[in-house]
Amino acid sequence: MSPTFRALHNPNYRLYAAGGVVSNTGTWMQRVAQDWLVVLLATNDGVALGITTGLQFLPALLLSPYAGLIADRVPKLRLLKITQTVMALTALVLGALAVTGTVEVWHVFVLAFVFGTGSAFDAPARQSFVSELVGPDDLSNAVGLNSASFNAARMLGPALAGVLIAAFGGGVTATGWVIVMNGLSYGAVLLALSRMRTAQLLTTVPEERHKGMIRDAVRYLRGRPDLLLVLSVVGFAGTFGLNFQMTSALMATQVFDKGATEYGLLGSIMAIGSLSGALLAARRTRVRLRLVVGAAVLFGVVEIAAGLMPTYLTYAVTVPLLGLAALTMITAANTTMQLATAPHLRGRVMALYLMVFMGGTPIGSPFIGWLGETFGARWTLIGGGGLTLLGVLLSVALFTRSRHRLGEKVLTTDPVRAVAVAS
């Protein structure tokens, strides 16, 4: 088997990946439909769009540490079945409200928060579950393939959503049918989870409950400047730079005067670069910190350039590079955090990682939306890229003052070796 796809020799991982493709396609369809729904209900209000995105990610900020604790204490297979069911029901409710024409903006706000709550508990369990599906030798490959699956769906989902919304009439009801389809797509994941060969799972022993379990993870991270650098880099990028569902909607409608189909197409075009980045990540056998930092710097520069593009065509040509840089940064950061963390702390550490990565969105999205409303839609990209770039450079400056806490050789080579040094 090609080294790019070596994790697929594992039957449990094959099931997991197949269910993920279907569900991820539905997720991207809903992201486009939900944003288009808010655009229709709030009449192109960038702030309302930012609030929707922020509310969907707010639970990641509020609940991630507790969610990570649950992921370390509850069998992850059981937990994933619960969280996937919650997100499916939430999507079906929002879709039904839109199909029946009774949906209002506040309904979207509330259900985005509920969906985000399910996602907050799902994410650390799903991230750490990968290490139970495959062994350490295939973990980096599996993380890359997960990103490839996600971005293959990202290529199909937005374009399919745009076509379906247009085919169903382009109105509120049309967005509802697309959201209903996402609710149904969770059935593929639930089916895959129910067919897992549990005897082949590399299940870790659930942690016994004791006081200070979250503090243990925080204390562990405080002694790991390599992981703190990763957290800081993805924190700035996640807060200010990775707001594509909002920035592309504003650029498509306000700058280039395009409709739902062209907006959905932008997501698919960006996913070409993202998929390329994910497949390249799947081929790597080890990840260095310099890759995380370098990809983040490139991402900030390209995002600024995208905001300056004069036409829809030139913008569309730029976004694949933006997707490539973003996915290279994300997969490198994710792999580093998983491989370099002690197994008994992985759920809590990954939860803190996701809290930093996704939890900044409730702050960043309304702010970036305000920039768009005040200075024009282009500044959602120029400002987001500029703040990401500044944050990454500051993070590196602070990190270099702390790197004496770990050996230089450990920090610049395989992160797996850092576990033994820091534990």
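The rules behind these values
Residues numbered from 1 in each chain as written. Predicted model: local features only at pLDDT ≥ 70, side-chain atom pairs only at ≥ 80, totals over all residues. Heavy atoms only, no water. Helix = DSSP H or I, 4+ residues; strand = E, 2+ residues; numbered from the N terminus. Buried < 20%, exposed > 50% of the residue type's maximum accessible area, 1.4 Å probe, protein only. Contact = heavy atoms within 4.5 Å. pLDDT = per-residue confidence, 0-100. Core = buried A, V, L, I, M, F, W, Y, C linked by side-chain atoms within 4.5 Å. Patch = residues over 30% accessible without salt bridge, like charges linked within 9 Å, V, L, I, M, F, W, Y side chains within 5 Å. Areas by Shrake-Rupley, 256 points an atom, 1.4 Å probe, with all protein chains shown as cover. Salt bridge = Lys/Arg side-chain N within 4 Å of Asp/Glu carboxyl O. Phe/Tyr/Trp six-rings, centres within 6.5 Å; stacked < 30°, edge-to-face > 60°. Axes fitted to C-alpha atoms, helices over the stretch in contact; angles between N-to-C directions. Parallel < 35°, antiparallel > 145°, perpendicular 65-115°, else oblique. Left-handed = near helix turned anticlockwise from the far one by under 90°. Nonpolar A, V, L, I, M, F, W, Y, C, P; charged D, E, K, R; others polar.

1. What to know about the overall build of the protein chain
Okay, step 1: For the protein chain, the helix and strand inventory stands at 17 helices and zero strands.
Okay, step 2: Here the protein chain holds 423 residues, and the buried ones make up 59% of them.
Okay, step 3: In the protein chain, the share of contacts with a sequence separation of at least 24, taken over all contacts with a separation of at least 6, comes to 87%.

2. What to know about the confidence of the model for the protein chain
Okay, step 1: Averaged over the protein chain, the pLDDT score is 83; the fraction of residues at 70 or greater is 90%.
Okay, step 2: The least confident element of the protein chain, judged by mean pLDDT, is helix 17 (residues 416–422) at 35; the most confident is helix 3 (residues 76–99) at 95.

3. Some remarks on the nonpolar core
Okay, step 1: Core analysis: the largest hydrophobic core is formed by 90 residues, its most contacted members being Leu-242, Tyr-315, Met-329, Met-337 and Tyr-353.
Okay, step 2: Counting residues per element, this core draws most heavily on helix 12 (residues 312–339), at 13 residues.
Okay, step 3: The contact partners of Leu-242, leaving out residues within four places of it in the chain, are Ala-237, Phe-299, Ala-326, Met-329, Ile-330 and Phe-357.
Okay, step 4: Listed in part, the 26 residues of the second largest apolar core include Val-134, Val-143, Leu-193 and Ala-282.

4. Description of the environment of Phe-121
Okay, step 1: Turning to its location among the elements, Phe-121 is positioned in helix 4 (residues 105–133).
Okay, step 2: Look at Phe-121 and you get buried, because its relative accessible area is 18%.
Okay, step 3: Each C-alpha atom of the pair Phe-121 and Ile-70 lies 8.0 Å from the other, and the pair is 51 residues apart in sequence.
Okay, step 4: Leaving out residues up to four positions away in the same chain, Phe-121 has contacts with Leu-63, Tyr-66, Ala-67, Ile-70, Leu-79 and Thr-83.

5. Some details on a nonpolar patch on the surface
Okay, step 1: A surface patch of nonpolar side chains, amounting to about 630 Å² of accessible area, comprises Leu-61, Leu-62, Trp-106, Val-110, Phe-113, Val-114 and Ile-363.
Okay, step 2: If you list the elements that add at least two residues to the nonpolar patch, you get helix 2 (46–73) and helix 4.
Okay, step 3: Of all the elements, helix 4 adds the most residues to the nonpolar patch, at four residues.
Okay, step 4: Residue position: Phe-113 is located in helix 4.

6. Here we look at the packing of aromatic side chains
Okay, step 1: Within this structure, the stated rule accounts for ten aromatic pairs.
Okay, step 2: Between Phe-256 and Tyr-312, the aromatic rings sit 6.0 Å apart at their centres with planes inclined by 85°, giving edge-to-face as the arrangement. One end of the pair, Phe-256, is in the loop between helix 9 (244–255) and helix 10 (260–283); the other, Tyr-312, is in helix 12, with 56 residues separating them in the sequence.
Okay, step 3: Phe-256 sits in the buried class, given a relative accessible area of 10%.
Okay, step 4: The buried category is assigned to Tyr-312, whose relative accessible area is 16%.
Okay, step 5: Here the aromatic rings of Phe-256 and Tyr-315 are separated by 5.7 Å at their centres, their planes lie at 45°, and the arrangement is tilted.

7. So, the pattern of salt bridges
Okay, step 1: In total, this model carries five salt bridges according to the counting rule given.
Okay, step 2: Note that Asp-122 and Arg-126 form a salt bridge whose closest N and O atoms lie 2.7 Å from each other. Taken together, the residues Asp-122 and Arg-126, both in helix 4 and four residues apart, mark about one turn of the helix.
Okay, step 3: Classification of Asp-122 by relative accessible area gives buried; the value is 1%.

8. With respect to unusual backbone geometry
Okay, step 1: With phi around 55°, Asp-257 is a residue other than glycine that occupies positive phi space.
Okay, step 2: Of the residues examined, Asp-257 reaches a relative accessible area of 68% and is grouped as exposed.

9. Overview of the packing of helix 1 (residues 11–42) against helix 4
Packed helices, taken two at a time, are described by the angle between their axes plus the distance between the axes.
Okay, step 1: Their axes nearest at 13 Å, the elements helix 1 and helix 4 cross at an angle of 160°. Viewed along their axes, helix 1 and helix 4 adopt a mutual orientation that is roughly antiparallel. Every pair of crossing elements has a handedness; the one defined by helix 1 and helix 4 is left-handed. Two secondary-structure elements touch here, helix 1 through Asn-12, Tyr-13, Tyr-16, Gln-34, Leu-37, Val-38, Leu-41 and Ala-42 and helix 4 through Val-105, Val-108, Ala-112, Arg-126, Phe-129, Val-130 and Leu-133.
Okay, step 2: Classifying every residue of the contact of helix 1 with helix 4 gives twelve nonpolar, two polar and one charged.

10. Things to note about the packing of helix 1 against helix 6 (residues 172–194)
Okay, step 1: For the pair helix 1 and helix 6, the least separation of the axes is 8 Å and the interaxial angle reads 160°. With respect to each other, helix 1 and helix 6 are oriented roughly antiparallel. Handedness of the crossing formed by helix 1 with helix 6: left-handed.
Okay, step 2: In the contact of helix 1 with helix 6, the residues fall into 17 nonpolar, ten polar and no charged.

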